[in-house]
Amino acid sequence: MRGRPALFTRYEADSAMLPTITQRVWLAIGLVAVIGAAVWLPRDWLILIATAFIAAIGVIGLNLVTGYAGQVSLGHAFFLGVGAYAGAAFGGEATEKLVGMGLDVIFWLPLAGLTAGFIGAAIAPIAVRLRGLYLAFLTLGLVFLGEHIFREWESVTGGPGIGRKPGVLRLAGWRFDLDGQIAGYSVTREQQIYWLTLLVLIIMAFAAKNIVRSRIGRAFAAVRDRDIAAEVMGIDLTRYKVLAFGVSSFYAGVAGGLLFTVTGFVNTNSFNLLLSFTYIAMVVIGGAASITGSIMGAAFLTLLPRIIDGAGGVLPFLEVGSTGLLSTSQLERIVFGALIIGFLIFEPLGLNGIWMRLRNYWKAWPFSY
Amino acid sequence: MSERLLVFDEVRLSFAGVVAVDGVSFDVNAGELFAIIGPNGAGKTSIFNCLNGVYLPQEGRINLDGTDLLGLRPDKIAELGVARMFQNIELFSNLTTLDNILLGRNLHMKSGILSSALYFGKAKREETAHRRRAEEIIDFLEIAQYRKSLVGMLPYGVQKRVELGRALAMDPRILLLDEPVAGMNLEETEDMARFILDIQEELQVTMILVEHDMGLVMDIADRIMVIDFGRKIAEGTPDQIQKNPDVIRAYLGEEFETEGLDDEAPASEGSRL
Ligand SMILES: Nc1ncnc2c1ncn2[C@@H]1O[C@H](COP(=O)(O)OP(=O)(O)OP(=O)(O)O)[C@@H](O)[C@H]1O
Ligand SMILES: [Mg+2]
């Protein structure tokens, strides 16, 4: 069928992730741009964007269980914490007070994910009996339980006020978290973290895309939309809910393991309810049941404080010194709240929904249908 | 063709006071189109829910080709070959027609989470093989033009067909149809009747049909069971049922009894009793 690239003659081609050549070309251009941007972006922006990459991994995880499988989880902060500390224990340096196995990142990062994943899958059978508000409360309880454990388990977490260093980004002697030289070119710590987290995000995002377009993703959606009908069609509800929680927690574990390598320090009080809510907000704003949306939501909310900071110099009513009407952090919280409400009411499909509409508009342009 | 596939024996199901199914027994033979009729609230859907394992009857026995179904979870019963089309559409409305039908294939698919995440080799081959079967069903039900549409947006009659397709995709041994033509116009009803007969003849799937459209039931059913207030009041061929005085009484009430005994009076084709 030469000359007609839009006509698919094979089912494989029809169900491919990026069915058209145009889509593949755009993805390639986008990737090159994002990878290349690290060459000229300043250090603080590199760190901020790397944080967004890591958050995106966590948001994809939450979206799998909540957006795709329909199981509301307020417990994501707990699994991020488990990942952070498992990563620190497997990949961090031991001291006289702290456990640390000093493994390479290629081992400790998957182990951080697996630890969180197994705990998620182990807790899930309890959660599976509950739905809606009750499930939300149970997962909320997990966050409080986690905060307590993280405070008390000092040999792993360092304890409150002391904390510890996260897993070390080291592979076969090479340090990603230090400035270095590759083939005569000097690369900064920030550039390396940026590229490394981007690579992990790409792998995790493609894996998630594959999961949601395969039988498992369809079963998740079936469980979410009509659980009785799903069961009557042979879908084992418990199995898929446990799977959804397990996979979601795996993603949270990987994100948690990386999250604090950026700042180089894990504090025991980081894994609170606000963190869970922030992730829910990223799902809602990005778009439930969308991998692309997860990335957009994470990027948007991670960059938002910086954008508002920037606005501080421009908007007259904002505090300069202490004279303005609002401080930037107050404005940040107001915008955050307003965005969640606004998206829930006006754009339930999130940024992804807006993006799809724009894309369809341009595809059809100059026609409006 | 006369081998017994399903045995439903003295099943009793009650909800806090309401007896929905009151000691009903019937057998369904392999390849047969068995219809269950009865007034609103007679317990027809409840019988299906017992068969599916959605409700657990207090008493009785349900056996599919030698395997006891009672007490099994719905998904296990589905794996044994019981598929169902619901009275009120129960499609996954955020998914496309194709995805809904592929969900019917889910119980024949094996890929785990890891091979799905890689979408490589076995997982990909499996998706493609089942896609092929799903497409056959889409062609059979003449819904190819709706393949990639979200089912929530489709017209009612098409949604009913997608639901039939989803059940067929399971390659069931027995198919439960709960009012497949309710709310349909004449043309849609005729299409559905044609599909049901094709399923029986070409795919040799055994079916239990619950339907209020007497014309349809009398036309296509091999045997009919009539229930009222959870009790079985008659069973037989369409001809026998049309002449049965108990049936006429249940449907038309006591006052029509004498009239109903007349051979001419029972359900004429197309009328909805
Ligand atoms: N989950 C339930 N809880 C309580 N009562 C129920 C339940 N399901 C069914 N019933 C009752 O059982 C009886 C039989 O209901 P069922 O839905 O089986 O009737 P039906 O024959 O399918 O009726 P229709 O033709 O209206 O669909 C009714 O009296 C109904 O109210
Ligand atoms: Mg009913």
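Caption draft 1: Broad picture of the overall build of chain A. A count of helices and strands for chain A gives 15 helices and four strands. Considering only C-alpha atoms, chain A reaches an extent of 65 × 50 × 50 Å along its principal axes. In chain A, buried positions account for 49% of the 369 residues. Residue pairs in contact within chain A that sit at least 24 positions apart in sequence constitute 73% of those at least 6 positions apart. With an accessible surface of roughly 17,800 Å², chain A has 70% of that area assigned to carbon and sulfur atoms. On chain A, the mean spot of the 27 positive side-chain charges and the mean spot of the 20 negative ones are 10 Å from each other.

Caption draft 2: Representation of the interface of chain A and chain B within the structure. Each partner contributes to the interface: chain A provides 31 residues, whereas chain B provides 42 residues. Both faces combined, the contact of chain A with chain B buries some 3,100 Å², and carbon together with sulfur accounts for 59% of it. At the surface where chain A touches chain B, the tally comes to three salt bridges. For R73 of chain B, the salt bridge identified is with D236 of chain A, shortest N-O distance 3.2 Å. Across the contact surface, chain A and chain B share twelve residue pairs in polar contact (both at pLDDT 80 or more). Listing elements by their share of the side of chain A that touches chain B, those giving two or more residues are helix 1 (11-14), helix 8 (189-213), helix 9 (215-225), helix 10 (227-232) and helix 11 (237-259) of chain A. A per-class count over the side of chain A that touches chain B returns 17 nonpolar, four polar and ten charged.

Caption draft 3: The arrangement of the site of ligand 1 in detail. Residue and element names in this part refer to chain B. Around ligand 1 sit 14 residues, and of these G41, K44, T45, S46 and Q87 come closest. Between ligand 1 and the protein, one listed contact pairs an oxygen atom with a side-chain N or O atom of T45 at 2.7 Å. Within the contact set of ligand 1, an oxygen atom lies 2.8 Å away from a side-chain nitrogen or oxygen of Q87. In the complex, the protein chains occlude 65% of the 630 Å² of accessible area that ligand 1 would expose alone. Only strand 2 (18-29) and helix 1 (44-52) provide two or more residues apiece to the shell around ligand 1. With three residues, helix 1 is the single largest residue contributor to the shell around ligand 1. Among the residues forming the shell around ligand 1, the class breakdown is five nonpolar, seven polar and two charged.

Caption draft 4: Quick peek at the packing of helix 5 (residues 105-127) of chain A against helix 11 of chain A. Residues and elements named next belong to chain A. Running from N to C, helix 5 and helix 11 point in directions that differ by 145 degrees, and their axes come no closer than 6 Å. The interaxial crossing formed by helix 5 with helix 11 has right-handed handedness. Classifying every residue of the contact of helix 5 with helix 11 gives 15 nonpolar, seven polar and one charged.

Caption draft 5: Structural detail: the domain arrangement of chain B. Residue and element names in this part refer to chain B. Here the domain parsing of chain B yields domain 1 (1-81 + 172-273) and domain 2 (93-170). For domain 1 versus domain 2, the distance between C-alpha centres works out to 28 Å. Tallying the contact residues gives 20 residues for domain 1 and twelve residues for domain 2. In total, about 1,300 Å² of surface goes out of reach between domain 1 and domain 2, with carbon and sulfur atoms giving 72% of it. Of all residues in domain 1, P172, M192 and F195 give up the largest surface area on contact with domain 2, accounting jointly for 34% of the area buried on that side. Along the contact surface separating domain 1 from domain 2 lie two salt bridges. Applying the counting rule to domain 1 against domain 2 returns four residue pairs in polar contact (both at pLDDT 80 or more). Elements that contribute at least two residues to the side of domain 1 that touches domain 2 include exactly helix 2 (74-79), strand 7 (174-178) and helix 7 (186-202). Broken down by class, the residue content of the side of domain 1 that touches domain 2 amounts to eleven nonpolar, one polar and eight charged.

Caption draft 6: Examining the sheet that holds strand 10 (residues 231-236) of chain B more closely. All names here are of chain B. If you trace the six strands from one edge of the open sheet to the other, you get 6-7-8-3-9-10, paired in mixed fashion. Two strands in the sheet have a free side with no partner beyond their single neighbour: strand 6 (82-85) and strand 10. The mean inter-strand angle of the sheet, taken between neighbouring strand axes irrespective of direction, is 20 degrees. Bridge analysis of strand 7 against strand 8 (residues 206-210) gives five bridges, and the strand direction is parallel. Counterpart to I174 in the pairing with strand 8 is T206. Contacting strand 3 (33-37), strand 6, strand 7, strand 8 and strand 9 (223-228), helix 1 crosses the sheet at an angle of about 150 degrees to strand 7.

Caption draft 7: Quick look at the packing of aromatic side chains. Residues and elements named next belong to chain A. Overall, the coordinates contain 13 aromatic pairs over all chains when judged by the stated rule. The interplanar angle of 75 degrees and the centroid separation of 6.3 Å between the aromatic rings of F250 and Y251 together place this pair among those described as edge-to-face. You can call F250 partly exposed: its relative accessible area is 25%. Since its relative accessible area comes to 3%, Y251 is described here as buried. Clustering of aromatic rings is evident, with ring pairs tying together F78, F79, Y85, F150, F260 and F271.

Caption draft 8: Local environment of unusual backbone geometry. All names here are of chain B. Positive phi is not limited to glycine here, since D65 has a value of about 45 degrees. Tracing the chain through its elements places D65 in the loop between strand 4 (59-64) and strand 5 (67-68). By relative accessible area, D65 is classed as partly exposed at 36%.

Quick notes on the rules
Residues numbered from 1 in each chain as written. Chains lettered and ligands numbered in written order. Predicted model: local features only at pLDDT ≥ 70, side-chain atom pairs only at ≥ 80, totals over all residues. Heavy atoms only, no water. Helix = DSSP H or I, 4+ residues; strand = E, 2+ residues; numbered from the N terminus. Buried < 20%, exposed > 50% of the residue type's maximum accessible area, 1.4 Å probe, protein only. Contact = heavy atoms within 4.5 Å. Areas by Shrake-Rupley, 256 points an atom, 1.4 Å probe, with all protein chains shown as cover. Lys, Arg positive; Asp, Glu negative; His and termini not counted. Charge placed at Lys NZ, Arg CZ, Asp CG, Glu CD. Buried area = accessible area lost by both parts, 1.4 Å probe. Salt bridge = Lys/Arg side-chain N within 4 Å of Asp/Glu carboxyl O. Polar contact = N/O pair within 3.5 Å; in protein donor to acceptor, adjacent residues only side chain to side chain. Nonpolar A, V, L, I, M, F, W, Y, C, P; charged D, E, K, R; others polar. Near = heavy atom within 4 Å. Axes fitted to C-alpha atoms, helices over the stretch in contact; angles between N-to-C directions. Left-handed = near helix turned anticlockwise from the far one by under 90°. Domains from an automatic or database assignment. Pairing = 2+ DSSP bridges. Phe/Tyr/Trp six-rings, centres within 6.5 Å; stacked < 30°, edge-to-face > 60°.

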